[in-house]
Amino acid sequence: MDFLRPASWEEALAAKAEHPTAVPIAGGTDVMVEINFDHRRPGHLLDLTRVGDLYEWEAAEDSVRVGASVPYTRIMENLRAELPGLALASHTVASPQIRNRGGVGGNLGTASPAGDAHPALLAAGAEVEAESVRGSRRIPIDEFYTGVKRNALAPDELIRAVHVKKADGPQQYSKVGTRNAMVIAVCAFGLALHPRTRTVRTGIGSAAPTPIRAKAAEEFLNAALEEGGFWDNGKIITPSVAQRFAQLCSGACNPIDDVRGTASYRRHAVGVMARRTLTWTWESYRGARRLTEGAA
Amino acid sequence: MPTNGAPTKITQGSRTKGGIGESTLRPDGTLKVTGEFAYSSDMWHEDMLWGQILRSTVAHAEIVSIDTSEALATAGVYAVMTYDDLPTEVKNYGLEIQDTPVLAHGKVRHHGEPVAIVAADHPETARRAAAKIKVDYRELPVITDEASATAPDAILVHEGRDDHHSGHVPHPNIVHRQPIVRGDASRAAGRADVIVRGEYTFGMQDQAFLGPESGLAVPDEDGGVHLYVATQWLHSDLRQIAPVLGLPESKVRMTLSGVGGAFGGREDLSMQIHACLLALRTGKPVKIVYNRFESFFGHVHRHPAKLYYEHGATRDGRLTHVRCRIVLDGGAYASASPAVVGNASSLSIGPYVVEDVDIEAVALYTNNPPCGAMRGFGAVQACFAYEAQMDKLAAELDMDPVALRQLNAMEQGTIMPTGQPVDSPAPVAELLRRVKAMALPPERQWESSEGADVRQLPGGLSNTTHGEGVVRGIGYAVGIKNVGFSEGFDDYSTAKVRMEVVGGEPVATVHTAMAEVGQGGVTVHAQIARSELGVTQVTIHPADTQVGSAGSTSASRQTYVTGGAVKNSCELVREKVLEIGRRKYGSYHPAWATAELLLEGGKVVTDGGEVLTDLADLLEGESVEVEAEWRHRPTEPFDLRTGQGNGHVQYSFAAHRAVVEVDTELGLVKVIELACAQDVGKALNPLSVIGQIQGGTTQGLGVAVMEEIVVDPKTAKVRNPSFTDYLIPTILDTPTIPVDVLELADDHAPYGLRGIGEAPTLSSTPAVLAAIRNATGLALDRTPVRPEHLTGTA
Amino acid sequence: MRVNFTVNGRRQEADDVWEGESLLYVLRERLGLPGSKNACEQGECGSCTVRLDGVPVCACLVAAGQAEGREVVTVEGLADYARQRAEHGGCATGSCGTFLQDTRGRAAQGQDSQTGEGTELAPIQQAFIDAGAVQCGFCTPGLLVAADEMLEHNPNPTDADIREALSGNLCRCTGYEKIMDAVRLAAARQGEAV
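Residues numbered from 1 in each chain as written. Chains lettered and ligands numbered in written order. Predicted model: local features only at pLDDT ≥ 70, side-chain atom pairs only at ≥ 80, totals over all residues. Heavy atoms only, no water.

Colleague: It is not clear to me how the domain arrangement of chain B should be interpreted in this structure. Could you clarify?
Modeller: For an interface, size is often stated in terms of accessible area lost upon the parts coming together. Residue and element names in this part refer to chain B. You can read the domains of chain B as domain 1 (29-37 + 492-631), domain 2 (40-140 + 212-259 + 266-298) and domain 3 (431-485 + 647-790). Put simply, the middle of domain 2 and the middle of domain 3, counted by C-alpha atoms, are 37 Å apart. Each side of the interface is counted separately: domain 2 has eight residues, and domain 3 has ten residues. Around 800 Å² of area is buried between domain 2 and domain 3 when both sides are counted, 77% of it from carbon and sulfur atoms. Among the residues domain 2 hides against domain 3, the three largest losses belong to His 111, Arg 292 and Phe 296. Together they make up 57% of the total. Where domain 2 packs against domain 3, one counts zero salt bridges. Residue composition of the side of domain 2 that touches domain 3, by class: five nonpolar, two polar and one charged. (Domains from an automatic or database assignment. Contact = heavy atoms within 4.5 Å. Buried area = accessible area lost by both parts, 1.4 Å probe. Salt bridge = Lys/Arg side-chain N within 4 Å of Asp/Glu carboxyl O. Nonpolar A, V, L, I, M, F, W, Y, C, P; charged D, E, K, R; others polar.)

Colleague: What is the right way to look at helix 7 (residues 177-193) of chain C in this model?
Modeller: Owing to its 3.6 residues per turn, the α-helix aligns residues three or four sequence positions apart on the same side. The terminal C-alpha atoms of helix 7 of chain C, which comprises 17 residues, lie 24 Å apart, in line with the 24 Å expected from a rise of 1.5 Å per residue. Taken as a whole, helix 7 of chain C has its buried residues at Glu177(C), Lys178(C), Ile179(C), Met180(C), Ala182(C), Val183(C), Ala186(C) and Ala187(C). For helix 7 of chain C, the elements touching its buried residues are helix 17 (686-705) of chain B together with helix 4 (123-130), helix 5 (140-153) and helix 6 (159-165) of chain C. (Helix = DSSP H or I, 4+ residues; strand = E, 2+ residues; numbered from the N terminus. Expected span 1.5 Å × (residues − 1). Buried < 20%, exposed > 50% of the residue type's maximum accessible area, 1.4 Å probe, protein only.)

Colleague: Hey, could you run me through the UniProt feature "domain: Aldehyde oxidase/xanthine dehydrogenase a/b hammerhead" (unreviewed entry) in chain B in this one?
Modeller: Those places that UniProt annotates as "domain: Aldehyde oxidase/xanthine dehydrogenase a/b hammerhead" (unreviewed entry) correspond, in this numbering, to residues 34-141 of chain B. Helix makes up 13% of residues 34-141 of chain B and strand 35%, and the two end C-alpha atoms of the span are 51 Å apart. (UniProt positions renumbered as here; feature names shortened; annotations may be inferred.)

Colleague: For this particular structure, what's the right way to read the packing of helix 17 of chain B against helix 18 (residues 759-776) of chain B?
Modeller: When two helices pack together, their arrangement is given by the angle between the helix axes and the distance between those axes. All names here are of chain B. Two elements in contact, helix 17 and helix 18, have axes separated by 7 Å at closest approach and are oriented at 45°. Classified by the angle their axes make, helix 17 and helix 18 are oblique. As for how helix 17 packs across helix 18, the hand of that crossing is right-handed. Between helix 17, through Gln 692, Ile 693, Gly 696, Thr 697, Gln 699, Gly 700, Leu 701, Val 703, Ala 704 and Val 705, and helix 18, the contact on the second element is made entirely by Pro 760, Thr 761, Ser 764, Thr 765, Val 768, Leu 769 and Ile 772. In terms of residue class, the contact of helix 17 with helix 18 is built from nine nonpolar, eight polar and no charged. (Axes fitted to C-alpha atoms, helices over the stretch in contact; angles between N-to-C directions. Parallel < 35°, antiparallel > 145°, perpendicular 65-115°, else oblique. Left-handed = near helix turned anticlockwise from the far one by under 90°.)

Colleague: Sorry if this is basic, but what is going on with the interface of chain C and chain B here?
Modeller: Taken residue by residue, the interface counts 58 residues in chain C and 69 residues in chain B. Across the chain C to chain B interface the summed buried area is about 4900 Å²; carbon plus sulfur atoms make up 57%. Taken as a group, Gln135(C), Arg163(C) and Arg172(C) account for 16% of the area that chain C buries against chain B, more than any other trio of residues on that side. Between the two partners, chain C and chain B, sit six salt bridges. Salt-bridge contacts for Arg172(C) lead to Glu707(B); the nearest nitrogen and oxygen are separated by 2.6 Å.

Colleague: Mind showing me how you'd approach the interface of chain B and chain A here?
Modeller: The interface of chain B with chain A comprises 42 residues on the first partner and 34 residues on the second. Inspection of the chain B/chain A interface yields six salt bridges. Between Arg260(A) and Asp725(B) there is a salt bridge whose closest N-O contact spans 2.5 Å. Scanning the region where chain B abuts chain A turns up 23 residue pairs in polar contact (both at pLDDT 80 or more). Taken together, the elements giving at least two residues each to the side of chain B that touches chain A come down to helix 3 (123-131), helix 8 (292-298), strand 31 (668-679) and helix 19 (787-790) of chain B. Here the residues of the side of chain B that touches chain A sort into 15 nonpolar, 14 polar and 13 charged. (Polar contact = N/O pair within 3.5 Å; in protein donor to acceptor, adjacent residues only side chain to side chain.)

Colleague: Explain the nonpolar core to me, please; I cannot follow it from the model alone.
Modeller: Grouped burial of nonpolar side chains is what soluble globular proteins tend to show. Residue and element names in this part refer to chain B. Counting 93 residues, the largest nonpolar core has Tyr 309, Val 705, Val 768 and Ile 772 as its most contacted members. With near-sequence residues (within four places) excluded, Ile 772 lies in contact with Val 660, Val 662, Val 669, Val 705, Gly 777, Leu 780, Val 785 and Leu 790. Core analysis: the next-biggest nonpolar cluster, separate from the first, contains 89 residues, Leu 227, Met 514, Val 524 and Leu 615 among them. (Core = buried A, V, L, I, M, F, W, Y, C linked by side-chain atoms within 4.5 Å.)

Here's what the structure looks like:
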């Protein structure tokens, strides 16, 4: 095994081009487990912790560019206003020690359906900035997950950052685990209201071969909100609408039975989380609306 | 010297500072907080090699061939050994039945069974070499439950059994069977106004001690070996190791290194023999450290069980009879299964008065992972079931569940189903009263000024509810556990105590082979020596095999038995010290001959308080040393047909009240409080007592809501051997645990003490389950209960 | 490969390090610092918690090569670290270069070889002993590093804060109650001292 220590992003890209099977390692929270337990013996480890750029974030007009290695702790502490869904998701990641090391780049690179960041990224809307010596490209998050633990990266590409849309409305994130802390998701759900476009977006984790959006549920809810004039009148969403939305979210799942939970439970729990997060976000939207109206 | 069975009075030294009854601090505390305490995995030796075990990838198979040539040819590899390389005719070991191969011979019987061992200069070299060993398996059908084990054409897990249980079991795939019959349950059932029945399932729990199995074997110049290891019983290890190595016990020296928790999981051998074999083969020190994955295969687990119960009662709530059948899955090797059967059967009806019982407990041989000792064994599984039954009965009778328990609670003088009278306090009703009397935690405790604090809600940081679906429930349970080794076992301990003057001060040294696994035995031994010998300076000698056996650190027995041995040896030392005093000073003061003399505060004093001399003067130029064995009252085996017999030496009781909040929609549980009341006889160290109770309570909580080793019923392979998927409670899962300690002396025990470590693990689980049932209205007949069981999505 | 980094204020060099080795392995097996514990080696127990450039991390998940040039504080250095912090007015980040520098070349305090008596302890270490938070002790080093770091930036934690901050550290013996007591005690003593 060789340990490659690029001092800059350019060196990292060159190393990845030279050794396409090299395994990038930053926080190490996935890779080192596999090495410690003898599940993986890559020819090269590509250490990215010396590439300072990956630890920085920067707000643009409509989005925040989050460096691939920005630890979850920093996201929780610094990006709660701009990226509330991702900040909430970050808070559910493993333990404080892990949150101090791990970042979204690792979640994306591993592309496990159980990665905590995925539902939040799907709901908010995001693009993955991937780069190789051949050039840079932005991969829409909806096209990023291609299979169980597979993603759209080419062998010579590295994830440099993720561009996450700034919240233009309330966002929520829920995750079910069988322990109150430090637990891998049995399933997870992210929801973002986008009042500017009068749309909602969802993200579901651990309930299908890849992280997914519940598109039929989104379309149903978009239509129902529009039809009922909810965006304008700020009324409480009728229970039947919330219930139908929850059912459609459950229906979007394609889960398996495994040691962490049954498929049937996952479908059920996604529905419950969908209904609750819809309630929380909508209440928050109504509250903000009232405040705005009160001020006006 | 007190004779066995005589009431032991506290006549000596109770006023000496740091003696019994005080919360003195751990003597190893400083080393443990500075990181300098040497655990078995911290051992290091110049030029040492690393050992690696190759384990079976299948549960049940014939081994067609093993090819080690490629592994042996690997650079950095010093030895590769299989069954064929074992040095003597003794190739098996075991706690009671020697049925466990050191390395698999011709057949593997469970997933993860050791097949070959490697020694190399780096752990990675050893791993790579082990991966190059080619084992050709021919798989056999797996036996995974009672039906497959006792089917007419069932493959025998062990052919040709000739152990001492083989003669009385109904099938060779049953390790041991213990019926207990008393009164006439069938006739008594006729008197019952209400009968409740239940089938319960108890999942496989892991001890999950944090310090992995590990140790260092160093070859000695005389052809022997010195093993530094974490274990619960040095002499039991020694007895099993030496014959396999072909060495006399005197040539296998064992020193206890730091033990990172045990809870029963270190009663059986793990890496001991493998490390010694490799050290003797290579002539170099060999260290073996399991990682967490391997640890799940490297020790036995708590027996999963199926429990079938029938309880009857009259309309006013008096129990008429109990019929039950407990089927314990012992897995591929016997380990402690026979003793688990003994406990499960004899304690199967709980701390209640029932005159007519029909009980049967069996342990199976299967191809599941071997199961053996874990905190409270046998009694834990039974308590889960009989307490569920008591709640079911209370519901059927429309009675308060605590009142029903109190009405039927045993007390001193009650006759056990085994015919044995309970001859010391049994404050079952009082413990329930105390735990019920504690103030309840406030409702909606999760609400804060900034809204719901998710950390206080089911789901915790995962943000699943802000109060929606959350329902509170309260549940009670009480349990009974035997203390010490039962059924006629010669359960003794040995203590060597020395007293001398060092630097002008009298100092006592206590040397035992007791395994300190975290429980605080070393703290208590020093306290006993201070109380008995009136000194403040006590040195605890490292535990090794240079002193007689201390017995196992298990069965809640060490403070009782090794504490008793230390007390006894101290008393013998005290007599010798006073002899010296009489010889030296007897002619100067009549009190030497006439008064009762005590050692206190470094002096010899009369019971009237007159100081006769300083111990420092008395012992000038002299030292006194005694090594003596001490044993508790003898017990007898249970009759194999009727289960009658005075099988236990002491019982221990604890009661719990659980308060839970359940997210009824998502099936997530947050335990809000888990209050415990326990009778400890005499709290030698109150701080340690409470620590034991809170720790035991939390292990019971774990198996109530999350802990289970999941074995695939089709392949008998373990599906979750990691801390990612075998979950134990974090600090956010663990509630406040208020503890009410009762001290009713058992006059048969040293200082009146009661073994305490296990009882809190019993009642914690059923109390949590009862609270969840209370919150949800669901029947819940298995533990752990998982979200899918609470949401109808299993 | 060769790895150079600073541990508890001292420059350390490890040779012939296999590229797959963790920082934990290097500390324990190559540098003679076994205080950080090897309970799970998968980041699920916190027993190996150390501070890497001031930040609490699981040493088992840091590749040895990633520690190159970094500063590590382990439980063995916690007392010195806490003393330096107290002397320097509670520098909260752990990356304040000066006080780490100060510890270089400091000899170990005299102590009783068997009980460790006479050892200088950090307040959190003393509190763990006093509160009965230590049983088998295997989780203790990681908990101490995590708890010390929490009190550094949150000197008056609520119970929920303590539980959240320590939720990455498993303990199997105590049921955590005495650990809660210990952290509350250390916080209270810290408050009195100010």
